[in-house]
Amino acid sequence: PGKEEFHEALKYFGRQIELTGVNLKLNTRVDVDAMKSAGFDMIVLATGVKARGLDIPGADHPKVVSYIDVLLRNAPVGKKVAVIGAGGIGFDVSEFLTHDFSHPSPTLDLPTWLKEWGVTFDPANPGGVTGVKAEPPAPARDIWLCQRKDEPLGKRLGKTSGWVHKASLKSRRVNFMQGVQYVKVDDDGLHILAQDKPQVLDVDTVVVCAGQEPLRELYDGLQHAGQKVYLIGGADVASELDAKRAIDQAVRLAATI
């Protein structure tokens with residue numbers, strides 16, 4: 001929710017692939033031998049990232065899922081959720097989980113969006129503020145967004161948009177928790193130390209958003225096979241990855257080869 005414009009970017013690049021005659025093969029898993037035998041002059045690995053796991057007792061408990069499980073694999077998520085990691089991904093996943101998808105995203109439903117933020121296009125209202133209390137919808141889930149750092153959540157988000165993400169989650173009654181140490185996961189929920197005090201979050205699901213690592217499973221093998229190979233995007237540097245940086249890197253590489 002709130003990032004629907006990326007659909008248009010994907011449509012644009014999909015159409016460019018058609019217009020330029022790029023040979024596109026989907027649902028195809030390759031290995032080093034296949035790439036080597038294809039006889040390519042150079043290979044670009046844009047294989048993205050893999051989610052970093054949770055290294056505590058109970059990390060393999062059925063309650064625990066990664067953000068990739070939730071966003072791409074439709075993993076079931078209960079009504080009470082702890083999100084581990086409050087970076088950009090943690091904020092996005094928390095936003096996603098508060099929405100009831102039986103209704104349109106507020107970003108695509110202007111009357112709902114105006115009501116949610118208490119704003120108007122009426123020029124008679126100074127600053128576009130209605131003066132009426134904003135009416136965010138009831139959240140679809142109860143969420144605890146947790147981070148290890150003992151600092152305000154969202155401090156490291158983008159300066160121009162971070163405040164929006166924080167305001168949105170607070171309006172949807174997401175619980176912000178800082179200075180959290182993760183102890184274990186069991187049937188009772190997520191055991192933590194919050195400000196050095198033991199606590200159990202009675203949750204149905206623990207979503208791990210504790211960062212990501214480059215997915216480079218082909219890289220070493222291709223190099224050893226004597227292939228000319230480049231890394232871009234998340235496969236190159238996973239930290240603080242965003243679409244703008246990945247596309248910029250890809251365009252610059254394309255211009256040189």
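Our structure is the block above this text.
Structural notes, computed from the coordinates.

### Focus on the pattern of salt bridges
Within this structure, the stated rule accounts for 12 salt bridges. Across the pair K184 and D186 runs a salt bridge, and its minimum N-O distance is 3.8 Å. Because the salt bridges share partners, they merge into one network encompassing E95, E116 and R172.

### As for the nonpolar core
As a rule of thumb, soluble globular proteins bury nonpolar side chains together. In this structure, V81, V83, F91, L97, L145 and V207 are the most contacted members of the largest nonpolar core, which totals 20 residues. At the level of elements, helix 3 (67-73), strand 4 (80-84), helix 4 (88-98) and strand 5 (142-146) are the ones that each hand at least two residues to this core. The residues contacting V83, other than those within four sequence positions of it, are G90, S94, I143, W144, L145, C146, V207 and C209. By size, the runner-up hydrophobic cluster in this structure holds 17 residues, among which are I56, V64, Y182 and I192.

### As for the pairing of strand 5
Where strand 4 and strand 5 come together, five bridges link them in parallel fashion. Its bridge partner lying in strand 5, A82 is registered against W144. Bridge count for strand 5 against strand 6 (residues 175-177) is three bridges, and the pairing is parallel. Across the sheet, residue C146 finds its bridge partner in strand 6, namely M177. Tracing the backbone out of strand 5, into helix 6 (residues 162-171) and back to the parallel element strand 6 gives a crossover that is right-handed.

### Digging into the sheet that holds strand 3 (residues 64-66)
Strand order in the open sheet formed by five strands is 3-10-4-5-6, with parallel pairing between adjacent strands. The open sheet has two free edges, formed respectively by strand 3 and strand 6, since each of these has just one partner strand. Between one strand axis and the next, the sheet turns by 20° as a mean value, whatever way the strands run. Against the sheet, helix 4 makes contact with strand 4, strand 5, strand 6 and strand 10 (205-208), and its axis sits at roughly 175° relative to strand 5, the strand it touches most.

### Section: the packing of aromatic side chains
In total, this model carries three aromatic pairs according to the counting rule given. For the pair F91 and F176, a centre-to-centre distance of 5.9 Å together with 75° between the ring planes defines the contact as edge-to-face. One end of the pair, F91, is in helix 4; the other, F176, is in strand 6, and 85 residues separate them in sequence. With a centroid separation of 5.0 Å and 40° between ring planes, the pair formed by F96 and F101 is classed as tilted. The partly exposed category is assigned to F96, whose relative accessible area is 26%.

### Describing the side chain of Q212
Position of Q212 relative to the elements: it lies in strand 11 (residues 212-214). A polar contact of 3.1 Å, which involves the side chain of Q212, links it to the backbone oxygen of A238. If we skip the residues at most four places from it in the chain, Q212 touches V49, K50, A51, R52, Y67, I89, A238, S239 and E240.

### Things to note about the sheet that holds strand 8 (residues 189-194)
Here three strands make up an open sheet; going across it, the order is 7-8-9 and the pairing antiparallel. Of all strands in the sheet, those bounded by a partner on one side alone are strand 7 (180-186) and strand 9 (197-201). In this sheet, neighbouring strand axes are inclined to one another by 25° on average, regardless of whether the strands run parallel or antiparallel. Sheet analysis places strand 8 next to strand 9, joined by five bridges and oriented antiparallel. From the neighbouring strand, I192 faces strand 9, where its bridge partner is Q199.

Reading the values: rules and limits
Residues numbered from 1 in each chain as written. Predicted model: local features only at pLDDT ≥ 70, side-chain atom pairs only at ≥ 80, totals over all residues. Heavy atoms only, no water. Salt bridge = Lys/Arg side-chain N within 4 Å of Asp/Glu carboxyl O. Core = buried A, V, L, I, M, F, W, Y, C linked by side-chain atoms within 4.5 Å. Buried < 20%, exposed > 50% of the residue type's maximum accessible area, 1.4 Å probe, protein only. Helix = DSSP H or I, 4+ residues; strand = E, 2+ residues; numbered from the N terminus. Contact = heavy atoms within 4.5 Å. Pairing = 2+ DSSP bridges. Right-handed = clockwise from strand over helix to strand, strands pointing away. Axes fitted to C-alpha atoms, helices over the stretch in contact; angles between N-to-C directions. Phe/Tyr/Trp six-rings, centres within 6.5 Å; stacked < 30°, edge-to-face > 60°. Polar contact = N/O pair within 3.5 Å; in protein donor to acceptor, adjacent residues only side chain to side chain.

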